[in-house]
Amino acid sequence: MPLHAPRSFTVDWGSESVLVSNVEPELPATSRDADIAKVVAAGRANPLALLPETAWQAVARATTGPDGVAVQLRTTAEEPAGLLMVENVDGATLRSIVTRVHLSELLPGIQPRTGMEVMEIPDPQVQGITDEGRPCAIVRYRYQNLTHLRNHVWQTVHGTLSLNSYAPSVLARKVTRNLITHPVEIAFDDGTEPFHVLVVRDGITRLASAWAVLAGPDAGAAEAATLAVDSLFGKNATAVPAPGGVPLGHRLAAGRDKWRQALREEFAQENAVEEPGLRAAQIAQTYVLPAQIAVGAEGHPGHLLAAEDIFDDAIRSVLASVHVEFKQWDPAAQNVEVATRALKRVIQLGESLVPKDDLQVVHGLAVGRIPVEELPRMVPGDTPPPGTALWRSVYLVYWLTRPELLDHLKDQAKAIKGGKRMGLKGFAELLGPLIDLPWRSHKKYVTTQARNAWNNGGVLTSDVVEEWTPRPTEDFTALVAPALAGDTDARCTLAVAGGVALIADKLLTRNVGSALMAPKEKGGVPFRADVNQVVEDLSQRHNELGLWTLALAANRFRSDALPENAVTARQLIRQEKTGDVSDTAYVHFKVDLDSPDKIARDADGVPITLHQWDVVWASNPSRARKAHPPKALLVPSPARPATGRAAAATASPGDSGAEVEADGPAGAEGVAADEAGAGQPVTTAAATEAEGDHSSNTDEPFRPASQRAAEQKQVLRHSVTAARDALDRLLLLEPEVGGHTPIVPLPVLDDLHKLLIGLQTDVENLRRKTTPEEDPALEDVEAQEAAVGV
């Protein structure tokens, strides 16, 4: 029994009153060197718990109960595997320790739900680790440098809290459900020395919420994320070796230990009073968290993956059992998880006619473990394909839709999703987030439209899912002649490469009803058709116009930019302001079969920009002509052209229609204000100086109130202008932040809205006071207007 029972008391959390329960009288201390050695020895002696020694040190350093961990690891005649928790998943058995760990020893890991997002900071590369052919219960996260690691952790915590937070619940009851964690080796491309830590794979929202509680009720998601990063890595962490050769991992661990010691001292002072306050509750409820730490993985006989894939696949199976079946991720995240897990299951079962080694290559390429540049080495044959993102997509589609593999993949995907049937459209939906991996961040403006096109069939034509072989080439136009001659390999290569290019660049989208009414320049189409049907018609051997459209689109495709065809005028303005403009123009052009270079030009010889209308028209010109027969030429009337409202009334519906795809919240007013450049941001110091408060300086001569009021008018005008400028900059930054988190969280917008309403009311009151008195006749008119509600 403890000397002092846990305490419960009530604290204020913002506007809420929270009853805090089970506050322990003392916080657990950090494990000593002897405790760490005890855990390391027990772990290395357990034959079913396989980790490097430095990973065992990370486990021992994180736990608050090293003796309990050593007991769970210790083997006996009755328990040859110790007292580890055992989980059997697809193809493997996981063994884990159940304990409590320090908040400051946990990093947020990566999840499939982030694998489909347009992320400002990219996820690290993930690699499995083995020991003499046996899988270790650990993976390697490879970051570019230490800054990449810090920014990635900040992004994860900030993005998680921007979407959801359990802060009041954590403050009241602590985190009560185990976090699923495991060791990770943090490695760097720039040569920074690696180190080992624990990462959270399930429970990241609970982890981030604990940091939000520790940051306080007035702290936003950004402040909580900054607190987490500074506590984990120090405010000025450096990768330069310290004097004496102290490793980076040890220096970071010492910094976290020092931070925890300061927190323990602060808690002792706050908890010593008769009625503890909010700060004592914040520290007590977040200092440690319950965790399940995976320390062993064993592949099942007969269903072996590659040894380096076994552990990561087992962990993902645990996560998927929760987030695909119960607490669901969004559809794109589920598609990533279902597609990659279905492929893993096919490898495990070994029922496909495709060799397992080849399937491992496909899986590595699909998840990004094998970089695009390695593609030529992965493809057998005398003519390897170029190592480009577009050729990666061609081979992924080819490999994943082979008849000997497709049915097995669909069966496993149905089993994971719990469905009864899956057609080609359903399978194409799974491929979308895998295909766009290399260019996802560069084409973030049109990611939603591209994935909708994949949901509508993508490039899975009736020929593509049959027997064919890609035809590697540096020039896709060289495939047009054999395709016209009936070469199926050339036709399917053009269908996939050109179709992927058109979809990724928003020149082929899911046709909706509104697209039929939209003008050609704004995404209109001559007729409705599924995306895969358009691609199929474009790639028919008799359709020369369609084949050239596919070939030229594939040739001009770039994975590091978005073409001008797909970018609206407003987005071009934003790119110019942010400096995100390519040196060379990237444009797709319309096809003219009579031109030597097959590019259509206007009367002045200027190439004509390709539109989705032209793509759909080229797929089936005869159907397009029936839907839009040529109109007879009308003799113009000698009457003067209509202007103003008359012109608007006679304009065609297509000319007056709104854009099919919204460009975002930045309106014309914002652009006009930005171009006007009115006002400059005023710093706090400048604003304080402008206040002219004579009471703060006794030597300052008296200044009339009218003079001080004049200065305050300037402060008010500059502050409002600065707010307008800040809002414009937020709107410009919104696409760069991506879809993983709102640029401004809703609670902050609500608070700003209240402040703006109050400011508007005060300005209106001042305006009314300074309005000159009107004559009685005008007052009578105003009274009449008010009476009728004008």
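Residues numbered from 1 in each chain as written. Predicted model: local features only at pLDDT ≥ 70, side-chain atom pairs only at ≥ 80, totals over all residues. Heavy atoms only, no water.

### As for the nonpolar core
Then, in step 1: Core analysis: the biggest nonpolar cluster contains 97 residues, and Leu73, Ile97, Tyr141, Leu149, Ile186 and Val295 have the highest contact counts within it.
Then, in step 2: For this core, the leading source of residues is helix α7 (residues 204-215), giving eight residues.
Then, in step 3: Not counting the four nearest positions on each side in its chain, Val295 is found in contact with Ala49, Leu50, Leu51, Trp56, Leu73, Leu84, Arg95, Ser96, Ile97 and Ala137.
Then, in step 4: Core analysis: the next-biggest nonpolar cluster, separate from the first, contains 86 residues, Val346, Leu375, Ile435 and Ala450 among them. (Core = buried A, V, L, I, M, F, W, Y, C linked by side-chain atoms within 4.5 Å. Buried < 20%, exposed > 50% of the residue type's maximum accessible area, 1.4 Å probe, protein only. Helix = DSSP H or I, 4+ residues; strand = E, 2+ residues; numbered from the N terminus. Contact = heavy atoms within 4.5 Å.)

### Focus: the pairing of strand β6 (residues 125-131)
Then, in step 1: Two strands pair when backbone bridges link them, and β6 and strand β7 (residues 134-143) are joined in this way by six bridges, in the antiparallel orientation. Residue Gln125 lies in a different strand from β7, and its bridge partner there is Arg142.
Then, in step 2: Turn length for the β6-β7 hairpin, with the two strands adjacent in sequence and antiparallel, is two residues, and the turn residue Glu132 shows positive phi of about 55 degrees. (Pairing = 2+ DSSP bridges.)

### Remarks on the packing of helix α15 (residues 389-400) against helix α17 (residues 424-435)
Then, in step 1: Running from amino to carboxyl end, α15 crosses α17 at an angle of 150 degrees, the nearest separation of the two axes being 11 Å. With respect to α17, the element α15 is oriented roughly antiparallel. Crossing geometry of α15 relative to α17 is assigned as right-handed. Residues Arg392, Ser393, Leu396, Val397 and Leu400 of α15 form the contact with α17, whose participating residues are Phe427, Leu431, Leu434 and Ile435.
Then, in step 2: Broken down by class, the residue content of the contact of α15 with α17 amounts to seven nonpolar, one polar and one charged. (Axes fitted to C-alpha atoms, helices over the stretch in contact; angles between N-to-C directions. Parallel < 35°, antiparallel > 145°, perpendicular 65-115°, else oblique. Left-handed = near helix turned anticlockwise from the far one by under 90°. Nonpolar A, V, L, I, M, F, W, Y, C, P; charged D, E, K, R; others polar.)

### Details of unusual backbone geometry
Then, in step 1: Although it is not a glycine, Lys174 sits at a positive phi angle of roughly 70 degrees.
Then, in step 2: Examined against the element boundaries, Lys174 turns out to sit in the loop between α6 (167-173) and β8 (179-188).
Then, in step 3: According to the relative accessible area criterion, Lys174 is buried, its value standing at 16%.
Then, in step 4: In this structure, Lys506 is a non-glycine residue whose phi angle is positive, near 55 degrees.
Then, in step 5: Mapped onto the fold, Lys506 is located in the loop between α20 (488-504) and α21 (513-517).

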